[in-house]
Amino acid sequence: MRYLVTAALPYANGPLHIGHLAGAYLPADIFARYLRLRGEEVLFICGSDEHGVAITLRAWQERTTPQAIIDKYHPLLEESLRRLGISLDYYGRTTDPLHHDLSQRFFLRLLEKGWLEKRKVEQFWDPQASTFLPDRYIVGTCPHCGYEEAYGDQCEKCGALLSPADLIHPRSRLTGTPPEKRLSEQFYLRLDALQPLVEAYVSRCHWKPNVGPVIQNWLRAGLAPRAITRDLDWGIPVPLPDMAGKVLYVWFEAPLGYISITQRWAASRGAPHRWADFWLNPDTRIIHFIGKDNIVFHTLLFPAILIAADEGYTLPAAVPANEFLNLEGQKISTSRRWTIDIHEYLRAAPHRLDELRFVLTALMPQTRDRDFTWEEFASRINNELVATITNLIHRILTLLWRYGGEATVIPEGKLLHTRAESARTIGARLEAYDFSGALEAILHLAQLANKGLTESAPWHLPPEKAVGVVASYADLLAAMGTLLEPFMPLHVAPKLREQLGVDLLNWRRLEDPTPLLSSIKLKAAPQPLVPKLSPDELRSMQTQLLPTAPASASPSVAYISIEEFQKVQLQVVTIRSAERIPKSDKLLKITIEAADGTHTVVSGIAQHYEPEALIGQQAIWVANLAPRTLRGVSSEGMLLFAEGEGGKLIRVAPETPVPPGSPVQ
RNA sequence: GGCGAGAUAGCUCAGUAGGUAAGAGCGCAGGAUUCAUAAUCCUGAGGUCGCGGGUUCGAUUCCCGCUCUCGCCA
């Protein structure tokens, strides 16, 4: 079978982050590597998406040209992917003349076939920047709540959904000047007319459960004609004499990049016609790996364009879209700098790349959004990758080394069957695009091996017997050298094969319960494949990679009015006595002196303060909190403590002592 | 506002074409072990499967409503 595997074309106006990696590039790479290991013919391509209004706007913001923007990011994107081991056969770009040519021919072909129509539309124009503005690049006063920084599509303050025309005093986010309305004529793709053909295609395919409903949703609502041209000076010119100043819409031409990049790959190999093996051949399976934001474009718009051209193009066989990866509970956001960028990770932890691949595969957002936390990053590496997988490898290799490093391998049948079954399971899960499930199966295999080793306990056997037992596990290690390759091809898998002295094997062989090798000879004392991630190393990575705190950036602060705040009566009090409450390990009974005499307060601070240390100290007291009985003691109000690192409580008090009962304002 | 997705053990997630054992990994507790990067193995505790209704002999699983999160569209 011949496969064309693609990963979403990254937009050349910013760096890649771990969410992109987990969403599209990593699964695509694992899949492509797996197919190659099975001996399939695979072409794996990607490239920079270099057109579109966001690049123009970015150029304006940075006071430079679109060309300068893409020339900065195109190499950065390619290097990021390559260094993470994304095994692309070709990384292209949509400013390639081949791509321009192809896109223009597609446009003309669709025009000729009657699938395009002209329409007049009103758009907003920034006269100073000489560019049309997308809705969200227009700000103004919200007509509902009066918020002055509402966006043209939505008011962040009151949540109202707006269109730019609703805004009072609209202005351009780029220049601050009021935008002008301009009428212009654009070409629309008749998706409405193409819908029956698209539906026929969609119904022939099998979609992932997170993809199918999205498609059905669109089809049920009915596809609408979609503008495929724009008034911009950056992009692929509309190839018609009377259309100066108009370019093709980026979502019209970017997917065609999959074709043009294949053409460029073929040309680079000196066989220009070979692109047709993939794109004009129904026996080729085309598989697009993307994030969920691209589902519609890949499952409906792109197939619609290919169908409309009516020239026998191969349609996508599968679009295994992933959901999004969050970071420490919040959306990844480049503009808020809440992100782990790949090029920065490469700089901060160049020797921890397979580890990143491992964790992102385990956390892959295959059916729903997932959350990346540094804590989990460390725990997955230390407890799963190192403790279970690479420790098993090291365990077996050191045993072998101890018994001479050389042996005949006669694996027992049970071990061979376990290995073969695992290889089949892992393969089946990869073919179902269940990458984290495949990784789980590897962990499971390692657990079975650890268990078997513990049970047979060769270290208790006389050496001449022990060698044979340990050597039988060499078959498993030889298999691991290949099984791990799709997931961790940069260091772990090749290093294992090197220590073992075996090559990559064909995956199909792993699925057979026949021995993979007859003898084993280690050349050197084994070294651990992956060092554990120490708390220090983790902290250092965190500080390098997450320079800004995100919490304050959250727009959803629940404001209260001054009147509401004044309802809370705060006083400085002096603590007169403090004692533990019996049968409670957290509560202290505290007597305080306030403006109107003494009161009793119960505080859950026994694990942070010795009672004696509090006596005579001052604190802040919430005087009008409704009384409550805790462990039989009536608590009148509450003392304030700051929550420090690790949940440690620290008393809040005036800087210098004041008379008890002094108000806090 | 319309549409869609999600809400399951402390954490990250599977799962159930409706039915007496609700699962994994991590974490935690106890035990075993010491070949291995204090790694491994065994045992165990932990869940009114988001909230409220309904259908049913029976619902975490179906239907309706609600809340929260996310996405798409306008």
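Structural data are supplied above this passage.
Computed from a predicted model, the values in this text were never measured in an experiment.

Some words on the protein's contact with RNA strand B
And then number 1: Neighbouring residues of RNA strand B: 36 residues in total, closest Asn 217, Lys 331, Thr 367, Arg 368 and Asn 391.
And then number 2: Within 4 Å of the protein, the contacting atoms of RNA strand B are drawn from sugar and phosphate to the extent of 69%.
And then number 3: In the environment of RNA strand B, a base nitrogen lies 2.6 Å from a nitrogen or oxygen atom belonging to the backbone of Val 530.
And then number 4: Of all the elements in the fold, those that place two or more residues in the surface near RNA strand B are helix H6 (212-221), strand E16 (370-372), helix H13 (374-402) and helix H15 (435-456).
And then number 5: In terms of residue count, the dominant contributor to the surface near RNA strand B is H13 (14 residues).
And then number 6: Of the residues contributing to the surface near RNA strand B, the split by class is eleven nonpolar, twelve polar and 13 charged.

Some details on the environment of Pro 659
And then number 1: One can find Pro 659 in the loop between strand E27 (649-651) and strand E28 (663-664).
And then number 2: A residue is classified by how much of its surface remains accessible, and Pro 659, at 56% relative accessible area, is exposed.
And then number 3: Sequence separation between Pro 659 and Ala 594 is 65 residues; the distance between their C-alpha atoms is 9.1 Å.
And then number 4: In this view, Pro 659 contacts Val 572 and Gln 618; residues no more than four positions away in its chain are not counted.

Re the nonpolar core
In globular proteins that are soluble, nonpolar side chains generally tend to be buried together.
And then number 1: The biggest cluster of nonpolar side chains holds 181 residues, and the ones touching the most others in it are Phe 106, Trp 279, Phe 372 and Phe 377.
And then number 2: Not counting residues up to four positions away in its chain, the partners in contact with Trp 279 are Leu 4, Tyr 258, Ile 259, Thr 262, Ile 286, His 288, Phe 302, Leu 306, Gly 312, Tyr 313 and Thr 314.
And then number 3: If you look at the next biggest cluster of nonpolar residues, it comprises 17 residues, including Ile 592, Ala 594, Ile 605 and Phe 641.

Observations concerning the packing of helix H12 (residues 353-362) against H15
And then number 1: Closest axis-to-axis distance for the H12/H15 pair is 7 Å, and the angle between their directions is 115°. The pairing of H12 with H15 is recorded here as roughly perpendicular in orientation. Contact residues: H12 offers Phe 358, Thr 361 and Ala 362, while H15 offers Phe 435, Ser 436 and Leu 439.
And then number 2: The residue inventory of the contact of H12 with H15, partitioned by class, reads four nonpolar, two polar and no charged.

Comments concerning the packing of H6 against helix H10 (residues 295-309)
And then number 1: Look at H6 against H10: their axes get within 10 Å of each other, and the N-to-C directions meet at 55°. By the angle between their axes, H6 is oblique relative to H10. Along this stretch, H6 crosses H10, giving a crossing that reads as right-handed. Of the residues in H10, those in contact with Val 214, Ile 215, Trp 218 and Leu 219 of H6 are Ile 295, Val 296, Thr 299 and Leu 300.

Examining the environment of Gly 235
And then number 1: Take Gly 235: it is sitting in the loop between strand E11 (229-231) and strand E12 (246-248).
And then number 2: Apart from residues no more than four positions distant in its own chain, Gly 235 is found in contact with His 51, His 100 and Val 247.

As for the pattern of salt bridges
And then number 1: Applying the stated criterion to the full structure yields 37 salt bridges.
And then number 2: The partner of Arg 2 in a salt bridge is Glu 41, and the shortest N-O contact between them spans 3.1 Å. Here Arg 2 is found in strand E1 (residues 2-7), whereas its partner Glu 41 is found in strand E2 (residues 41-48), with 39 residues between them in sequence.
And then number 3: Note that Arg 539 is salt-bridged to Asp 536, the shortest N-O span being 3.1 Å. Separated by three residues within a single helix, Arg 539 and Asp 536 lie in helix H20 (residues 535-545), roughly one turn from each other.
And then number 4: Residue classification places Arg 539 among the partly exposed residues on the basis of a relative accessible area of 48%.
And then number 5: A network of salt bridges, in which partner residues are shared, links Asp 29, Arg 33, Arg 357, Glu 485 and Arg 497.

A closer look at the side chain of Thr 314
And then number 1: Among the secondary structure elements, Thr 314 is positioned in the loop between H10 and strand E14 (321-322).
And then number 2: Within polar-contact distance, the side chain of Thr 314 engages the backbone nitrogen of Leu 280 at 3.5 Å.

As for the packing of aromatic side chains
And then number 1: Here the structure, examined in full by the defined rule, presents 17 aromatic pairs.
And then number 2: With a centroid separation of 5.9 Å and 80° between ring planes, the pair formed by Phe 289 and Tyr 433 is classed as edge-to-face. Taken together, the residues span a long stretch of sequence, with Phe 289 in strand E13 (residues 284-291) and Tyr 433 in the loop between helix H14 (413-431) and H15 at a distance of 144 residues.
And then number 3: Accessibility expressed as a relative area gives 11% for Tyr 433, which makes it buried.
And then number 4: Summarising the aromatic geometry, the rings of Trp 374 and Phe 377 are spaced 5.2 Å apart at their centres and angled 85° between planes, so their arrangement reads as edge-to-face. Here the residue Trp 374 and the residue Phe 377 both occupy positions in helix H13, the gap between them amounting to three residues, near one helical turn. Assigned by exposure class, Trp 374 and Phe 377 land together as buried.
And then number 5: Each residue in the set Tyr 3, Phe 31, Phe 289, Tyr 433 and Phe 435 is aromatic and connected to the rest through ring pairs, giving one cluster.

Notes on the sheet that holds E2
And then number 1: Taking strand neighbours across the sheet as the criterion, the five strands line up as E3-E2-E1-E13-E14 in an open arrangement whose pairing is parallel. In this open sheet, the two strands that pair with only one neighbour each are strand E3 (90-93) and E14.
And then number 2: Pairing geometry for E1 and E13, over six bridges, is parallel. Pairing of Leu 4 across the sheet is with Ile 286, part of E13.

Looking at the sheet that holds strand E5 (residues 131-132)
And then number 1: Spatially, E5-E4-E9-E10 is the arrangement adopted by the four strands of the open sheet, whose pairing is antiparallel. Looking at which strands have only one partner, the edges of the open sheet turn out to be E5 and strand E10 (226-227).
And then number 2: Two elements, strand E4 (residues 116-126) and E5, share two bridges in a ladder whose sense is antiparallel. Within E5, the position partnered with Trp 125 by the bridge is Phe 132.

Some remarks on the side chain of Arg 497
And then number 1: On the secondary structure map, Arg 497 appears in helix H18 (residues 492-500).
And then number 2: On the basis of relative accessible area, Arg 497 is assigned to the buried category, the value being 11%.
And then number 3: Each residue touching Arg 497, except ones within four places of it in the same chain, is listed here: Gly 481, Glu 485, Val 502, Asp 503 and Leu 504.

Re the pairing of strand E21 (residues 597-603)
And then number 1: Among the seven residues of E21, five are classified as buried, and the element is accordingly described as predominantly covered.
And then number 2: The pairing of strand E20 (residues 588-594) with E21 spans seven bridges and is antiparallel. In the strand pairing of E21, Glu 593 is matched with Thr 598.
And then number 3: Here E20 folds back onto E21, and the loop between the two strands holds two residues.

Thoughts on the environment of Ala 267
And then number 1: With respect to the helices, strands and loops of the structure, Ala 267 is situated in helix H8 (residues 257-268).
And then number 2: Separated by 191 residues in the primary sequence, Ala 267 and Pro 458 place their C-alpha atoms 57 Å from one another.

As for unusual backbone geometry
And then number 1: You will see that Asp 310, though not glycine, has its phi angle at about 55°, which is positive.
And then number 2: Within the secondary structure layout, Asp 310 lies in the loop between H10 and E14.
And then number 3: Phi at Tyr 433 takes a positive value of approximately 60°, unusual for a residue other than glycine.

Procedures and definitions
The written sequence of each chain sets the order in which its residues are numbered from 1. Throughout, the order in which chains and ligands are written sets their labels, letters from A for the former and numbers from 1 for the latter. Restriction of local features to residues with pLDDT of at least 70 applies here, the model being predicted, together with a cutoff of 80 or more for giving and counting side-chain atom pairs; totals for whole chains, interfaces and linings are based on all residues. Only hydrogens and water are set aside when side-chain values are computed; all heavy atoms of the structure are taken into account. To be near a molecule or strand, a residue needs just one of its heavy atoms within 4 Å of it. Counted as a polar contact is a pair of N or O atoms within 3.5 Å, where, for protein atoms, one must be capable of donating a hydrogen and the other of accepting one, and residues adjacent in sequence contribute only when both atoms are in side chains. Put simply, DSSP H or I for four residues or longer makes a helix, DSSP E for two residues or longer makes a strand, and each gets a number counted from the N terminus. We call Asp, Glu, Lys and Arg charged. Ala, Val, Leu, Ile, Met, Phe, Trp, Tyr, Cys and Pro are nonpolar, and the rest, Gly among them, are polar. Between buried and exposed lies partly exposed: a residue is buried under 20% and exposed over 50% of the maximum accessible area for its type, with that area taken using a 1.4 Å probe on protein chains only. Residues count as neighbours in contact if any of their non-hydrogen atoms are within 4.5 Å of one another. Grouping buried Ala, Val, Leu, Ile, Met, Phe, Trp, Tyr and Cys residues that are joined through side-chain atoms within 4.5 Å yields what is termed a nonpolar core. The convention used is that axes are lines fitted to C-alpha atoms, helices contributing only their stretch in contact, and that angles between N-to-C directions extend from 0 to 180 degrees. The cut-offs work like this: below 35 degrees is roughly parallel, past 145 is roughly antiparallel, 65 to 115 is roughly perpendicular, and the gaps in between are oblique. Crossing chirality is assigned from the near helix's rotation relative to the far helix, an anticlockwise turn below a right angle marking it left-handed and a clockwise turn marking it right-handed. A pairing counts as a salt bridge when a side-chain nitrogen of Lys or Arg comes within 4 Å of a carboxyl oxygen of Asp or Glu. Each aromatic pair joins two rings of Phe, Tyr and Trp (for Trp, the six-membered one) with centres within 6.5 Å, and gets the label stacked for planes under 30 degrees apart, edge-to-face for over 60, and tilted for any other angle. We treat two strands as partners when DSSP finds at least two bridges between them.

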